[in-house]
Amino acid sequence: MAMPTLEFHDGAAACWTAALASDRGSAAIAVARDVAARVADPELLTTAIEAAARQTAFPEVFGWTPFAVSEGDAGLAIMCGYLDACLPGEEWDRTAHRFLSRAVRAAEIVPSLPLGIFSGLSGLAFVAAALSRAGTRYKRLLEGLEDALLFRTPALTEAARQARGGIAVSQFDAISGLSGVGAYLLRRRERSPVRAMLQAVLSALVALAESDSGVPRWHTPPHLMADEAMAREYPNGSLNCGLAHGIPGPLALMALSLRDGVEVPGQRDAMHRICDWLVEHRVDDEWGVNWPSAAPVQPPRMAEPDDAALQPTRSAWCYGSPGVARALWLAGEALGEPGLCLLAVEALEAVYRRPQDARNIDSPTFCHGVAGLLQITLRFNNDTGQPVFAQAAGALVEELLAAYQPDRLLGYCSLEPPGNQVDQPGLLDGAPGVAMVLLSAATDVEPAWDRLFLIA
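Criteria and thresholds
- Residues numbered from 1 in each chain as written.
- Predicted model: local features only at pLDDT ≥ 70, side-chain atom pairs only at ≥ 80, totals over all residues.
- Heavy atoms only, no water.
- Helix = DSSP H or I, 4+ residues; strand = E, 2+ residues; numbered from the N terminus.
- Rg over C-alpha atoms; globule rule 2.2 N^0.38 Å.
- Buried < 20%, exposed > 50% of the residue type's maximum accessible area, 1.4 Å probe, protein only.
- Contact = heavy atoms within 4.5 Å.
- Areas by Shrake-Rupley, 256 points an atom, 1.4 Å probe, with all protein chains shown as cover.
- Lys, Arg positive; Asp, Glu negative; His and termini not counted.
- Charge placed at Lys NZ, Arg CZ, Asp CG, Glu CD.
- 1 Å grid on protein atoms, 1.4 Å probe; cavity = no way out; pocket = protein on both sides within 12 Å on 5 of 7 lines; lining within 4 Å.
- Points joined across faces, edges and corners; volume = space filled by probe spheres on them.
- Expected span 1.5 Å × (residues − 1).
- Bend = angle between axes of the 7 residues up to and from the residue.
- Phe/Tyr/Trp six-rings, centres within 6.5 Å; stacked < 30°, edge-to-face > 60°.
- Lys NZ or Arg CZ within 6 Å of the ring centre and 35° of its normal.
- pLDDT = per-residue confidence, 0-100.

A. Molecular detail of the overall build of the chain. Check the secondary structure of the chain and you find 17 helices and six strands. Taking 23 Å as the expected radius of gyration for a compact globule of 456 residues, we find that the chain reaches 21 Å, a close match to that expectation. When burial is assessed residue by residue, the chain has 58% of its 456 residues classed as buried. Put simply, of all contacts in the chain between residues at least 6 apart along the chain, 70% involve residues at least 24 apart. Taken as a whole, the chain presents about 17,700 Å² of accessible surface, with 52% of it coming from carbon and sulfur. If the 35 positive side-chain charges of the chain are averaged to one point and the 53 negative ones to another, these points end up 6 Å apart.

This is how it looks when you write it as structure tokens:
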């Protein structure tokens, strides 16, 4: 196959064009509207929250938190805001305001919100900014949220800068850490104090990209891992490869910042080091380019990586080649390195060659499911105009439409391993995320909300 020609843009907002023909677009919009209407119904939402708590196999991590984007009213507010932009005149803005108000009231009674973009302060601020209509609304709310964020973020940046002997992924990742916080700060970079804080975040991530005794400083030792099973699997520590929790998150933020004119000393070198590391640790399968979920830290006596310890993972946003490919594309675009962009395209083409059961993304939802792969595909389609992405987007939309269950509480359910069905109403793992991605595919309204996921 001939190598495609890739064009770089200058950081200006690209024109967004629907990826679907009008008939399939109408079908996708109808499903998205139905799902959103169900989620917006107070009684149905309460029923779904209660049902999900009973159904989930992971009750220790599930919990509806109104101020959260992942599983809370804040996430539903941004969903309704996008519906209002796509379907004006249907009063979705009123519903968005209702959800935002509920999120803010819940936040006001919490002594100290988490900082993460999916769990706390920066996410709530992101939603308020998204609904503010270019800052003409919610001014006092935004100022209060930003003041709190600017006051508390320096402690997190300093902890990352001073980290020695490893660091927990929650301190720097896209879900809970500095990369996600930076995604919000980048959105509001025109404000001088916000821009200065973004630069401090970038400097901390640049420091993490350095190595101590040959081991990247962003590695996670066993005692800082999320669970005992992971600690046993990586007795010498791990290096996370997922966009949600690993080094592609900092890479994506650095790339987006560089593209938008925010740069700190060492940023380009750090991006090159991270890209080189990701290229070195790719693990191809029979369909092509792939990556593991994590790489083990090698003992000092072992100079060469243990390839047997690296296994390809799922093809999702959170882990696997789609998320890694998007980070590499953004880096290649920002650095002017076409080779990285070509590798990213090759990685996505390999995903499409994999049979559906080999992708390991049975759930229709965003984080580790089909919707996340579709949103990344839509971004590549819009960036490149290559037919392979338009064709893949169409196929993935058909997969989502086939998964629609009108007799189900919210129209879609999340599939937990090994196939446990959950009526999840949260944006990250539930029906709302599917609705938003369907609208992205079917309308000409740019999905600026996906900055939450560090893919644009």
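B. Focus on unusual backbone geometry. We note that Arg133 has phi near 55°; this positive angle belongs to a residue other than glycine. Tracing the sequence through the fold places Arg133 in the loop between helix H5 (121-131) and helix H6 (139-162). Among the residues examined, Arg133 registers a relative accessible area of 45% and is labelled partly exposed. In this structure, Ala134 takes a positive phi of about 60° despite not being glycine. Within the element layout of this structure, Ala134 appears in the loop between H5 and H6.

C. Looking closely at the environment of Thr95. Its place among the elements puts Thr95 in helix H4 (residues 92-108). Judged by its relative accessible area of 14%, Thr95 is buried. A C-alpha to C-alpha distance of 22 Å links Thr95 and Arg408, two positions 313 residues apart in sequence. Setting aside residues no more than four positions away along its own chain, Thr95 makes contact with Ala40 and Cys80.

D. Local environment of the layout of surface pockets. In this structure, the largest pocket occupies an estimated 1,600 Å³ of space. Around the largest pocket, the lining is made up of 47 residues, and of these Val61, His245, Cys367, His368 and Asp429 lie nearest the centre. Elements that contribute at least two residues to the lining of the largest pocket include exactly strand S3 (238-240) and strand S5 (414-416). At three residues, S5 tops the list of elements feeding residues into the lining of the largest pocket.

E. Main features of H6. Over its 24 residues, H6 extends 35 Å from the first C-alpha to the last, a length consistent with the 34 Å expected when each residue adds 1.5 Å. At Arg152, H6 shows its strongest bend, of approximately 30°, with the proline Pro154 following within four residues. Looking at H6, one finds that the buried residues are Leu142, Leu145, Glu146, Leu149, Leu150, Thr153, Leu156, Thr157 and Ala160. On the buried face of H6, the contacting elements are H5, helix H7 (178-187) and helix H8 (192-208).

F. Spatial organisation of the packing of aromatic side chains. Throughout the structure, instances matching the rule amount to 13 aromatic pairs. For the pair Tyr82 and Trp449, a centre-to-centre distance of 6.0 Å together with 65° between the ring planes defines the contact as edge-to-face. Taken together, the positions of Tyr82 in helix H3 (residues 73-86) and Trp449 in the segment after helix H17 (431-442) put the pair 367 residues apart, joining distant regions of the chain. The exposure class of Tyr82 is buried, given its relative accessible area of 5%. Here Trp218 and Trp277 contribute two aromatic rings whose centre-to-centre distance is 5.0 Å and whose plane-to-plane angle is 80°, an arrangement assigned as edge-to-face. Within this pair, whereas Trp218 is found in the loop between strand S2 (215-216) and helix H9 (228-233), its partner Trp277 is found in helix H11 (residues 267-280), the two being separated by 59 residues in sequence. A residue is classified by how much of its surface remains accessible, and Trp277, at 11% relative accessible area, is buried. Ring pairs connect the aromatic residues Tyr82, Phe118, Trp317, Phe366, Trp449 and Phe453, which therefore count as one cluster. For the cation-ring pair, Arg98 lies above Phe99, with the distance from its terminal atom to the ring centre recorded as 4.9 Å. Sitting above the plane of the Phe380 ring, Arg326 keeps its charged end 5.0 Å from the centroid.

G. Quick peek at the side chain of Arg38. Inspection of the secondary structure assignment puts Arg38 in helix H1 (residues 22-40). For Arg38, the contacting residues outside a window of four places in its chain are Leu44, Leu45, Tyr404, Pro406, Arg408, Leu409, Leu410 and Gly411.

H. Local environment of the confidence of the model for the chain. In this model, the chain carries a mean pLDDT of 94, and residues with pLDDT of at least 70 account for 95%. Low pLDDT, under 50, characterises residues 1-13; the stretch is placed with 21 contacts to residues that sit more than four places away or in other chains.

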